[in-house]
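# Observations on the three-dimensional arrangement
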Amino acid sequence: MVQNKLEVEPRPPEARRRGRPRAYDPQAALRQLTDTFWKTGYSATSLDDISAATGMNRPSLYAAFGDKHALYLEALAEYWRLSLAATREALAGDQPLAESLMRAYDAALSIYFSGEGDPRGCFVMGTAVTEAVVDPEIRESLAAGLRTIDADFETRFRLARERGELKDDADPVALAFLAAATMQTIAIRARAGIPRPELMELARKAVKVICG
């Protein structure tokens, strides 16, 4: 495993012997530590920050999840699981193509505006993109997730072409890239504080172009 050079903390020996009682909720702890990374990013988040957010001391965190790098990878994997599932659910079904795309963007915006207070955008765009430059594992997770998004959109566009919603010469691969790029643009602009209604209007204009 390649360690992130920004912060590597050795696993203390006592972490192998001490652990938190199983009464704690792993999913709740994962949500809390994800929120912490989401707010301040990987590099600026310390184990003390995570400990305070989850109510777990360092040995308990090590026993449950591993070191800081492992904690972040766990949070990143869980975010991908939830966000990709939301996109697939939105694209599934018999609704028209434009409606499917708008459902996907609305589902994404629900995630980007899910925090308390200021909108936080996409966890991946806000945290993983920077770390991917120096961390091969984060870079691979980022690339794999983006490939999956592209593939999910491509599948929907192929179906739309078969149904006659798109012209016979429509390129599902190119349209998938455009649809995914729109989602990523929305994510960045949400992080920048653009209001949700304005981002929905951006999505509507993009869908109109994509659907021809």
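The following refers to the structure shown. (Residues numbered from 1 in each chain as written. Predicted model: local features only at pLDDT ≥ 70, side-chain atom pairs only at ≥ 80, totals over all residues. Heavy atoms only, no water.)

## Section: the nonpolar core
Ranked by internal contacts, the top residues of the largest apolar core, which has 56 residues, are F37, L101, Y105, Y112, F153 and F157. Non-local contacts of F37, meaning those with residues more than four positions away in its chain, are made with Y42, T45, I50, K68, L71, Y72, A75, F123 and T127. (Core = buried A, V, L, I, M, F, W, Y, C linked by side-chain atoms within 4.5 Å. Buried < 20%, exposed > 50% of the residue type's maximum accessible area, 1.4 Å probe, protein only. Contact = heavy atoms within 4.5 Å.)

## What about the packing of helix α8 (residues 172-191) against helix α9 (residues 196-210)?
For the pair α8 and α9, the least separation of the axes is 10 Å and the interaxial angle reads 170°. If you check the angle between α8 and α9, you find them roughly antiparallel. Between α8 and α9, the residues in contact are L175, L178, A179, T182, I186, R189 and A190 and L199, L202, A203, A206 and I210, respectively. Of the residues belonging to the contact of α8 with α9, the class tally is 10 nonpolar, 1 polar and 1 charged. (Axes fitted to C-alpha atoms, helices over the stretch in contact; angles between N-to-C directions. Helix = DSSP H or I, 4+ residues; strand = E, 2+ residues; numbered from the N terminus. Parallel < 35°, antiparallel > 145°, perpendicular 65-115°, else oblique. Nonpolar A, V, L, I, M, F, W, Y, C, P; charged D, E, K, R; others polar.)

## Things to note about helix α6 (residues 123-131)
Because an α-helix packs 3.6 residues into every turn, residues spaced three or four apart end up facing the same way. Taken together, the buried positions of α6 are occupied by F123, V124, T127, A128 and E131. Buried residues along α6 cover an arc of 110° about the axis, so they all sit on one side. Buried residues in α6 make contact with α1 (26-44), α4 (68-91) and α7 (136-163). (Arc of directions from axis to C-beta.)

## Some thoughts on the side chain of S83
As for its placement among the helices and strands, S83 is situated in helix α4. Residue S83 is classed as buried on the basis of its relative accessible area, which comes to 11%. In this structure the side chain of S83 is engaged in a polar contact, spanning 3.4 Å, whose partner is the backbone oxygen of W80. (Polar contact = N/O pair within 3.5 Å; in protein donor to acceptor, adjacent residues only side chain to side chain.)

## A word on α8
Between its first and last C-alpha, α8 extends 29 Å over 20 residues, near the 28 Å set by a 1.5 Å rise per residue. Of the positions making up α8, those classed as buried are P172, L175, A176, A179, A180, T182, M183, I186, A187 and A190. Relative to the axis of α8, the buried residues are bounded by an arc of 145° and lie together on one face. In this fold, the buried residues of α8 make contact with α4, α5 (97-112), α6, α7 and α9. (Expected span 1.5 Å × (residues − 1).)

## A closer look at the environment of L30
By secondary structure assignment, the location of L30 is in helix α1. Judged by relative accessible area, which is 3%, L30 ranks as buried. As for L30 and E78, which are separated by 48 residues in sequence, their C-alpha atoms are 8.5 Å apart. The contacts of L30, once residues within four sequence positions are left out, are F65, E74, A75 and E78.

## Observations regarding the packing of aromatic side chains
Counted by the stated rule, this structure contains 8 aromatic pairs. Look at F37 and Y42: their rings are 6.0 Å apart centre to centre, the planes differ by 15°, and that puts the pair in the stacked class. Residues F37 and Y42 agree in their burial class; the two are buried. Between the aromatic rings of Y79 and F123, the centroid separation amounts to 5.5 Å while the plane-to-plane angle is 40°, which identifies the pairing as tilted. Taken together, the residues Y79 in helix α4 and F123 in helix α6 connect sequence positions 44 residues apart. Relative accessible area serves as the criterion here: at 7%, Y79 is assigned to the buried category. Joined through ring pairs, the aromatic side chains of F37, W38, Y42, Y72, Y79 and F123 make up one cluster. The ring of Y42 carries the charged tip of K68 above its face, separated from the ring centre by 4.4 Å. For R120, the ring lying beneath its charged end belongs to W38, and the centroid distance is 3.6 Å. (Phe/Tyr/Trp six-rings, centres within 6.5 Å; stacked < 30°, edge-to-face > 60°. Lys NZ or Arg CZ within 6 Å of the ring centre and 35° of its normal.)

## Quick notes on the packing of α6 against α7
α7 packs onto α6 with a crossing angle of 130° between their chain directions and a minimal axis gap of 8 Å. With respect to α7, the element α6 is oriented oblique. The interaxial crossing formed by α6 with α7 has left-handed handedness. Across the interface between the two elements, V124, M125, A128, V129 and E131 from α6 touch I138, L142 and L146 from α7. Split by residue class, the contact of α6 with α7 holds 7 nonpolar, no polar and 1 charged. (Left-handed = near helix turned anticlockwise from the far one by under 90°.)

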